[in-house]
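Residue-level listing of the chains:
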Amino acid sequence: MENLTKKQKIIRLVETALMLALSTILAELPVISFPFGGSVTIFSQVPMVVVSYRYGVKWGAFAGLSMGIIQMLFGIGNFAYVSGIVAYLILIFADYIVAFGALGFSGMFKSKIKNPVASIALGAAAVSVIRFLCHFISGVTIWGDYADGAQAVWMYSLTYNAGYMVPETIITIVGCVVLASLFDLSAPVIKVRKYSK
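Residues numbered from 1 in each chain as written. Predicted model: local features only at pLDDT ≥ 70, side-chain atom pairs only at ≥ 80, totals over all residues. Heavy atoms only, no water.

As a further point, take the side chain of threonine 169. Looking at the secondary structure, you find threonine 169 in helix α5 (residues 153–182). By relative accessible area, threonine 169 is classed as buried at 15%. In this structure, threonine 169 is in contact with Ala125 and Ser128, ignoring residues within four places of it in sequence. (Helix = DSSP H or I, 4+ residues; strand = E, 2+ residues; numbered from the N terminus. Buried < 20%, exposed > 50% of the residue type's maximum accessible area, 1.4 Å probe, protein only. Contact = heavy atoms within 4.5 Å.)

Unlike most non-glycine residues, phenylalanine 43 shows phi in positive territory, near 70°. For phenylalanine 43, the position within the fold is in the loop between β2 (39–40) and α2 (46–74). You can call phenylalanine 43 partly exposed: its relative accessible area is 35%.

This paragraph deals with the environment of glutamate 15. Along the chain, the position of glutamate 15 falls in helix α1 (residues 6–27). With a relative accessible area of 16%, glutamate 15 lands in the buried category. When the C-alpha atoms of glutamate 15 and proline 47 are compared, they prove to be 9.9 Å apart, with 32 residues separating the residues in sequence. One polar contact links glutamate 15 to arginine 54, side chain to side chain, over a distance of 2.6 Å. (Polar contact = N/O pair within 3.5 Å; in protein donor to acceptor, adjacent residues only side chain to side chain.)

This brings us to α1. For α1, built from 22 residues, the straight-helix expectation of 32 Å at 1.5 Å per residue is met to within 8% by its first-to-last C-alpha distance of 31 Å. Among all positions of α1, only Arg12, Glu15, Thr16, Met19, Leu20, Ser23, Thr24 and Ala27 are buried. Next to the buried residues of α1 lie β2 and α2. (Expected span 1.5 Å × (residues − 1).)

Here you go:
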């Protein structure tokens, strides 16, 4: 952690905890739930994207990993549907730890792209694609038994996971664009963005 005062550390920890709580609540209130896992939510990824954008990839990765562990605890029942150590490991990492942990890398473009709206939107898109790829891999490797026999397992995983991740990605990008347009997310305390006339 960079040189922060005790007060700054406390503010960062509290803000991150609140964002984790908000993400978790929003993830538990899906708009559309898919039968074998996965859902479309209203902005559940946005708080994690904001944490990474505000505090950088290292801190974001910590927050994303925390989100992955929380999601795994909420989805603990899914372990009953797979068997074997390899399947458990794929489920743990592909569906939870790496999938949600990736959200913590969404601040990766902040120093490379000066336009805050473009930077956060691109970061949100990139980590959503990584999350989709994790779920796709999991679908091919451990959830293939749920595929319709008339369809290749990879196609089933692609269409099933795209069914919720495409809308989730769009919703996340829109939410981040609106927030970055209205607020200065780089300021020590988030404040309304001022535009010159």
